[in-house]
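# Geometric and topological summary
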Amino acid sequence: MTAPPPQQLLQLARRASTIGITSLTGWTSYKANTDPLHIFWDLDHTILCSVTPLPSNNTANDENRNDSNGGGEESSLIKPPTIHHFDQIDDDFPYTPLTVANTRTYFRPGAKVALWLCSKLGICHVYTAAQESYTMNILQELDPNKEVFRGVVLHRTGYPRIVRDGKDLTVVMGGGGTSNDDDGGANNDKKEPNDIRLERAILFDDKVSNFKPQKYENGVSVLPFSEERLNKCLGSTNNNKNSSSSSSDENYHNVMDNWAAYLEEVKEMARLVGISVWGTVHLSGDVRKVVGWVRKLNGGDNEV
């Protein structure tokens, strides 16, 4: 018996991959509509980073940063990455009635796309230890039309025990939390909050200690989007101050380092989307099994 020619094998592989992708897409859509995943998002250091007080200059921390380093045409060919941000008042920090803003909030690279994709896989909720005013400022900027976060919004103003006890997902199962909706009801066109089950709930957070209420079974640890990581994306203030005396090669390498750091943040958000897809299509229907595998792949999280 002779082996089929390589061209025929290639055609069979293409057909198999097409069938596989079509089946996976169909199954994902079916699960998203009939038994959606409930994805709970932390805010600070998970999908954003807030800097207080406001940066004293816009060189290293401004979306509209200009490359005026005098490095010649080569340095102007590649610009540093820009990160969407907005200024707000965070009332955890001092301010006066005349204060326009005391905090600059940067959204993690890739976060807005990741949130949009996850909103198509299931129902996105907010679960943060921040206060209500800060949370609502962010949601107004991030999701003004309430298209992404269609679930509940939990914050420490309504649930102060978040800070002490961690993030208990069973609070939502009793219909708790406030809705990201004008009518005050649960803005959820697929499931009511009290229909949420632990086997279909996942929490993305940079603090492992917040997973303790569910014995770490529902939480996925996120690499913290800290101010240090933010500055790696935007570039060093000191380097920019001395950029006039830097060679074009040095400037080029600095910008490439900025882009490398930027793509690392996009990679982390893509990882969370992948976990959400995995949790959606897993045949057991229990996302906790996916979380367990993720923890094993990561070498296990420290339970603190």
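Above this text you will find the structure in question.
In this report, the structure presented in the accompanying data block is examined. This structure is a prediction, so every number in the text was calculated from the model and none was measured. Per chain, the residues get numbers from 1 upward, laid out in the order the sequence is written. Totals for whole chains, interfaces and linings use all residues, but because this is a predicted model, local features are given only for residues with pLDDT of at least 70 and pairs of side-chain atoms are given and counted only at 80 or more. The basis for every side-chain value is the complete set of heavy atoms in the structure, and neither hydrogens nor water enter the calculation.

Another point: the overall build of the protein chain. Looking only at helices and strands, one finds ten helices and nine strands in the protein chain. The buried share of the protein chain, taken over its 304 residues, is 43%. The contact criterion used throughout is that any non-hydrogen atoms of two residues lie within 4.5 Å. Here the analysis covers contacts within the protein chain between residues at least 6 apart in sequence; of these, 75% occur between residues at least 24 apart. Surface summary for the protein chain: the accessible area is close to 15,800 Å², and the carbon and sulfur share equals 53%. Where helices and strands are cited, they refer to DSSP runs of H or I of at least four residues and of E of at least two residues respectively, numbered from the N terminus. When a residue's accessible area, from a 1.4 Å probe over protein chains only, is under 20% of the maximum for its type it is buried; when over 50% it is exposed; and in between it is partly exposed. Every accessible area reported is derived by Shrake-Rupley at a probe size of 1.4 Å, with residue values counting cover from the shown protein chains alone.

To continue, consider the packing of aromatic side chains. Pairs were defined over the aromatic rings of Phe, Tyr and Trp, the Trp ring being its six-membered one, requiring ring centres within 6.5 Å. Orientation was assigned from the angle between planes: stacked under 30 degrees, edge-to-face over 60, tilted for the rest. Evaluation of the coordinates by the stated rule reveals four aromatic pairs. Between W41 and F204, the ring centres sit 4.9 Å apart and the planes meet at 55°, which makes this aromatic pair tilted. One end of the pair, W41, is in strand β1 (residues 37-41); the other, F204, is in strand β8 (residues 201-205), with 163 residues separating them in the sequence. According to the relative accessible area criterion, F204 is buried, its value standing at 0%. Judged by centre distance (5.2 Å) and plane angle (65°), the ring pair of W259 and Y262 falls under edge-to-face. Of the two residues, W259 and Y262 both sit in helix α9 (residues 248-281), three residues apart, roughly one turn of that helix. A relative accessible area of 29% places W259 in the partly exposed class. Whether a charge sits over a ring comes down to the Lys NZ or Arg CZ being within 6 Å of the ring centre and within 35 degrees of the ring normal. Here the basic side chain of K296 rests over the ring of W293, its NZ or CZ set 5.0 Å away from the ring centre.

Whenever a helix is involved, its axis is fitted only over the stretch in contact; in every case the axis is a line through C-alpha atoms, and angles between N-to-C directions fall within 0 to 180 degrees. One can describe the packing of α9 onto helix α10 (residues 287-297) by two numbers: an axis separation of 9 Å at closest approach and a directional angle of 140°. It follows that α9 is oblique to α10 by the angle criterion. Of the two elements, α9 crosses α10, and the hand of that crossing is right-handed. Counting all contacts with α9, which are made through R271, I275, W278 and G279, the residues of α10 involved are V287, V290, W293 and V294. We call two directions roughly parallel when the angle between them is under 35 degrees, roughly antiparallel when it is over 145, roughly perpendicular when it lies between 65 and 115, and oblique otherwise. In this scheme the crossing of two helices becomes right-handed for a clockwise turn of the near helix relative to the far one and left-handed for an anticlockwise turn of less than a right angle.

Moving on, we get to the sheet that holds strand β2 (residues 48-51). Each pair of strands is called paired provided DSSP finds at least two bridges between the two strands. In space, the three strands of this open sheet follow the order β2-β4-β3, with antiparallel pairing throughout. Each of the sheet's edge strands pairs with one partner strand only, and the pair in question is β2 and β3 (85-88). Mean inter-strand twist for the sheet, computed between neighbouring axes without regard to direction, equals 20°. The sheet contact formed by β2 and strand β4 (residues 103-107) spans four bridges and is antiparallel.

The distinction between a cavity and a pocket rests on a 1 Å grid over the protein atoms alone: a 1.4 Å probe fits inside a cavity but cannot get out, while a pocket stays open yet meets protein on both sides within 12 Å along at least five of seven lines, and a residue with an atom within 4 Å of a point counts as lining. Grid points are joined across faces, edges and corners, and a volume is the space filled by probe spheres set on the points. Overall, the coordinates contain one cavity of 30 Å³ or more when judged by the stated rule. In this model, the largest cavity occupies a volume close to 40 Å³. Lining the largest cavity we find K167, L169, L203, N210, F211, Q214, N218 and G219. Of the residues contributing to the lining of the largest cavity, the split by class is three nonpolar, four polar and one charged. Under the scheme applied, nonpolar residues are Ala, Val, Leu, Ile, Met, Phe, Trp, Tyr, Cys and Pro; charged residues are Asp, Glu, Lys and Arg; polar residues are all the others, including Gly.

Quick look at the pairing of strand β5 (residues 122-127) now. In terms of burial, β5 is a largely internal element, six of the six residues being buried. Here five bridges tie β1 to β5, and the two strands are oriented parallel to one another. Bridging from a neighbouring strand, H38 pairs with I123 of β5. For β5 and strand β6 (residues 152-154), the ladder comprises two bridges, and the chain directions are parallel. Following the sheet pairing, V126 is matched in β6 by V153. We call a crossover right-handed when, viewed with the strands running away from us, the connection from the first strand over the helix to the second turns clockwise. Note on the crossover from β5 through helix α4 (residues 132-142) to β6: the handedness is right-handed.

Attention now goes to the nonpolar core. Counting 34 residues, the largest nonpolar core has W41, I47, F149, I202 and F204 as its most contacted members. Contributing elements (two or more residues each) for this core: β1, α3 (111-121), β5, α4, β8, α9 and α10. Each residue touching I202, except ones within four places of it in the same chain, is listed here: L37, H38, I39, F40, N218, V220, I275, V287 and V291. Nine residue types can take part in a nonpolar core, namely buried Ala, Val, Leu, Ile, Met, Phe, Trp, Tyr and Cys, and a core is a set of them joined through side-chain atoms within 4.5 Å. Core analysis: the next-biggest nonpolar cluster, separate from the first, contains 15 residues, I162, L169, I196 and V208 among them.

Turning our attention to the layout of surface pockets. Counted as a void, the largest pocket has a volume near 470 Å³. What lines the largest pocket is a set of 23 residues, and nearest its centre among them are D44, H45, A129, A130 and K207. Contributing elements (two or more residues each) for the lining of the largest pocket: β2 and α5 (161-165). Classifying every residue of the lining of the largest pocket by side-chain character gives seven nonpolar, seven polar and nine charged.

Let us now look at the pattern of salt bridges. Take a side-chain nitrogen of Lys or Arg and a carboxyl oxygen of Asp or Glu: if they are within 4 Å of each other, that pair is a salt bridge. A complete count under the given rule lists 13 salt bridges for this structure. Taking the shortest distance from any N to any O, the salt bridge between D205 and K167 comes out at 2.6 Å. Residue D205 is located in strand β8, and its partner K167 is located in the loop between α5 and α6 (170-173); the two are separated by 38 residues in the primary sequence. K167 carries the same exposure label as D205, and that label is buried. One salt bridge connects E199 with R288, and the closest N-O pair in it is separated by 4.0 Å. Remark: R288 occurs in helix α10 and E199 occurs in the loop between β7 (178-179) and β8; sequence separation between them is 89 residues.

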